[in-house]
Each structure stands twice: as structure tokens, then as C-alpha cells.
Amino acid sequence: MAGPTPGFSRRTLFRGTAAGIAVVGGGLAVATPAHASNFYNPFAGRPISDGWQAHLNRGSLGGIDYPMPVGTNLPACGGGSIQNIPNNGTGGHTVTIHHPNGYRSQYMHLSAFVLGNGAVVGAGVVVGRSGGAAGAPGSGSSTGPHVHWHMINPSGQRINPLDYLAGLGGGGRLPKTSTAQDGIPGTIFWKRAQNWLRIEAGYTGPIDGVPGVNTYAAMQRELRDHHGYTGPIDGVPGPNTWAALQRLAARYGYTGPIDGVMGPNSWRGVARFLNEDRWD
Ligand SMILES: [Zn+2]
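Residues numbered from 1 in each chain as written. Predicted model: local features only at pLDDT ≥ 70, side-chain atom pairs only at ≥ 80, totals over all residues. Heavy atoms only, no water.

Participant: Looking at this structure, how should I read the overall build of the chain?
Facilitator: Within the chain one finds eight helices and ten strands. Carbon and sulfur atoms make up 56% of the accessible area of the chain, which amounts to about 11700 Å² in all. (Helix = DSSP H or I, 4+ residues; strand = E, 2+ residues; numbered from the N terminus. Areas by Shrake-Rupley, 256 points an atom, 1.4 Å probe, with all protein chains shown as cover.)

Participant: Could you clarify how one ought to interpret the pairing of strand β5 (residues 104-108) in this entry?
Facilitator: For a regular strand, side chains alternate in direction, first toward one face of the sheet and then toward the other. Among the five residues that make up β5, five are buried, leaving the element largely enclosed by the rest of the structure. On β5, burial covers both faces: R104, Q106 and M108 on one face and S105 and Y107 on the other are all buried. Here strand β4 (residues 94-98) runs beside β5; their pairing, made up of four bridges, is antiparallel. Paired with I97 across the bridge in β5 is S105. (Buried < 20%, exposed > 50% of the residue type's maximum accessible area, 1.4 Å probe, protein only. Pairing = 2+ DSSP bridges.)

Participant: How should the packing of aromatic side chains be read in this particular structure?
Facilitator: For any pair of aromatic rings, the description rests on two quantities: the centre-to-centre distance and the angle between the ring planes. Inspection of every chain in the model, using the stated rule, returns 16 aromatic pairs. Plain terms: the ring middles of W242 and W267 are 5.7 Å apart, the flat faces sit at 70 degrees to each other, and that makes the pair edge-to-face. Here W242 is found in helix α7 (residues 239-250), whereas its partner W267 is found in helix α8 (residues 264-274), with 25 residues between them in sequence. The same class applies to W242 as to W267, namely buried. Among the aromatic residues, those joined into a cluster by ring pairs are F189, W190, Y216, W242 and W267. (Phe/Tyr/Trp six-rings, centres within 6.5 Å; stacked < 30°, edge-to-face > 60°.)

Participant: Just checking my understanding: could you explain the side chain of K191 for this structure?
Facilitator: Here K191 shows up in helix α5 (residues 187-201). In this structure K191 is buried but unpaired, with D208 as the nearest side chain of opposite charge at 8.1 Å. The residues touching K191, leaving out its near neighbours within four places in the chain, are N38, L174, I207, D208 and G209. (Lys, Arg positive; Asp, Glu negative; His and termini not counted. Salt bridge = Lys/Arg side-chain N within 4 Å of Asp/Glu carboxyl O. Contact = heavy atoms within 4.5 Å.)

Participant: It is not clear to me how the coordination of the zinc ion should be interpreted in this structure. Could you clarify?
Facilitator: Between any two of four tetrahedral donors, the ideal angle at the metal is 109.5 degrees; between two of six octahedral donors, it is 90 or 180 degrees. Distances from the zinc ion to its protein donors, namely H55 (NE2), D65 (OD), D65 (OD) and H148 (ND1), fall within the range 2.0 to 2.8 Å. Given four donor atoms and angles of 51 to 157 degrees at the metal, the environment of the zinc ion is assigned as irregular. Spacing between the donor residues of the zinc ion along the chain follows H-x9-D-x82-H. Of this pair, H55 sits in helix α2 (residues 52-57) while H148 sits in strand β9 (residues 146-152), and the two are 93 residues apart along the sequence. (Donors = N, O, S within 2.8 Å, 3.2 Å for Na, K, Ca; no water. Tetrahedral: all angles 85-135°; square planar, octahedral: opposite > 155°, others 65-115°.)

Participant: Just to check I follow, could you spell out the layout of surface pockets for this structure?
Facilitator: Empty pockets left among the atoms are what a rolling probe the size of a water molecule brings to light. When its volume is computed, the largest pocket comes out at roughly 260 Å³. If you go around the largest pocket, you meet 13 residues; those closest to its centre are P42, R46, P75, R198 and I199. A class-by-class count of the residues in the lining of the largest pocket yields seven nonpolar, four polar and two charged. (1 Å grid on protein atoms, 1.4 Å probe; cavity = no way out; pocket = protein on both sides within 12 Å on 5 of 7 lines; lining within 4 Å. Points joined across faces, edges and corners; volume = space filled by probe spheres on them. Nonpolar A, V, L, I, M, F, W, Y, C, P; charged D, E, K, R; others polar.)

Participant: Where do I start with the sheet that holds strand β6 (residues 112-113) in this structure?
Facilitator: Across a sheet, paired strands are connected by hydrogen bonds in the backbone, their directions being either parallel or antiparallel. The three strands are arranged β2-β8-β6 in an open sheet whose pairing can be described as antiparallel. The sheet terminates laterally at β2 (73-75) and β6, the two strands that pair on one side only. Alignment of β6 against strand β8 (residues 126-129), held across two bridges, turns out to be antiparallel. Residue F113 lies in a different strand from β8, and its bridge partner there is G128.

Participant: Quick question: what am I supposed to make of the packing of α5 against helix α6 (residues 213-226) here?
Facilitator: Helix packing for two helices is described by the angle between their axes and how far apart those axes are. Two numbers describe how α5 lies on α6: the axes approach to 10 Å, and their chain directions differ by 55 degrees. In this view, α5 runs oblique relative to α6, as classed from their interaxial angle. In the packing of α5 onto α6, the handedness of the crossing is left-handed. Where α5 approaches α6, its residues W190, Q194, W196, L197, E200 and A201 are matched on the opposing element by T215, Y216, A218, M219, R221 and E222. Split into classes, the residues belonging to the contact of α5 with α6 amount to seven nonpolar, two polar and three charged. (Axes fitted to C-alpha atoms, helices over the stretch in contact; angles between N-to-C directions. Parallel < 35°, antiparallel > 145°, perpendicular 65-115°, else oblique. Left-handed = near helix turned anticlockwise from the far one by under 90°.)

Participant: It is not clear to me how the environment of P161 should be interpreted in this structure. Could you clarify?
Facilitator: Mapped onto the elements, P161 comes out in helix α3 (residues 161-167). With 56 residues separating them in the primary sequence, P161 and S105 have C-alpha atoms 8.0 Å apart. Among residues more than four places away in sequence, those in contact with P161 are W52, I64, W149, H150 and M151.

Participant: Mind showing me how you'd approach unusual backbone geometry here?
Facilitator: Peptide bonds are mostly trans, and most non-glycine residues show a negative phi. The phi torsion at N87 lies on the positive side, around 50 degrees, for a residue other than glycine. Following the sequence through the fold, N87 ends up in the loop between β3 (80-85) and β4. The exposure class assigned to N87 is exposed, which follows from its relative accessible area of 57%. The backbone of H109 sits at a positive phi, close to 70 degrees, despite the residue not being glycine.

So yeah, pure geometry; function would need other evidence.
Given below as C-alpha cells:
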């Protein structure tokens, strides 16, 4: 979809781009949050129109293209600090995430930036909106709505993000939660819950396993839409919120009372739901 611009060498353009990043990046104070970057594939489950090899075959330095409607939220594939690069050659509007471990991720052909330069984000936070419609501002050379994603290693080489995630173990997918066995919700349980709510209920906060008001509000929206929750969407779960979550758990083997008091068996039921592959 993002073919080279006629009359220009894509490689030459990229060299210019890379030099620009180096200059700007040299002046950036890259944040180093104490927590891990929590890499994952925010586009898992979406079809790929052009994979890594297809990019190389047409002279690109590589990337993965995921078609999606213009304006789709683009979550960070890992934590880091934000650098917006408007009109970045054939890449068009490009957001770079500078990860604390020296790697960078870039999303290209954006229709909108949503954060300021230097903003520090956790994995899963929306860092831009997709674009790519032919001729639209920010599309660069793209000829159809999609996001282009690649990573850059600390040596400055472009790398395949899917290979990188695979190398981390688990293919960048979230591990299953042991809450299904021990009945105690922990960090992995809540990461999976946040990913469920990101996919289903418009949650745009970090996938950090630490539920806050935004996580709970998204959960209330989801429970309202599918599990009969009728209370406020205030991000403060009370007995009515938990009772609705128990109704969800009841679809996954929970046979206890719907009393708004979460016990180990209630959490186990929710965990069996969250452990479905679709929330990895
Ligand atoms: Zn591409």
C-alpha cells in the first residue's frame, strides 16, 4: 500500500529521515520508568495486508501493514516516551515510541497525533489515530487506510516487530492468569482484563495490571452492555458492579450466589473468561 514515491529513492528518503530522528532523538530525555515496557501486539487479530517480506520485496526497509478505518486508535506496543514526526517522508505523520531499553517503535501514515512530544506512556495507551487514505494529510505515500508498524533496534536497524515480540517469549501475547486456579486476582489477571476492555469497551489506559478508575469505568460499560449492570459509570465498583461481574462469571462455570461479594470462586469464573485466547 505504501509504494515508493515516483522519482525518489525510498532508501535515500529513509536516510534523511533517520538522520532527522537521530538529531531530534539526541536531544530527547528518554524516560526510563522502573516498570518493564510490557511489549505486546496491539494489532493482534487484525488481518495483515503487507507483511515484512512483502515490504522488502517492493524496496521498503520493512514493516507490517494492518488495514483499518481512518481514525482508529493506535495503542502503544510498549511503554516509553513519545516523539511526533509530522510529514516524515513517504511515512507521512509518524509517531515514535522511545522504549526505555533503547528500542523504538514507529507507527506511520497517521491522521492525527494525540500526545505531546516527551509524553511518557505505558503499553496500551493510545498514541495516535490511524490514517493512510490516498492523498490525505499525513498519509505520505500510502494509498489506502492502514497503519504501518516497524521497530528500530538500538543500533538503528529497522526490525520486524513481530519477530521482536516472538523473541520475548509468548509471542508478545499476554500470559494466562493463574487466578483460574488460585482464585486470587493479580497483575496478570488485571492486564488481561484491561486488554479485554481495550478491545470491547473503549479502554484506552495502560495495560499495566493496575486497575484504576478508567479500568473500572470501562468494565462498568461492558457489564452494562452485556451483563445487566444498571448502576453509574463512575469507575468506582460497588456491589452492583461486582454482581454483574458474577453474572459474567456464571457463564464460565461460577455456580455461587450473585450477591455482589467477590470470593475466590467468583474470581475463578472471571479468570476462565479472561484466559480465552482472544484476550491474549
Ligand atoms: Zn507499510
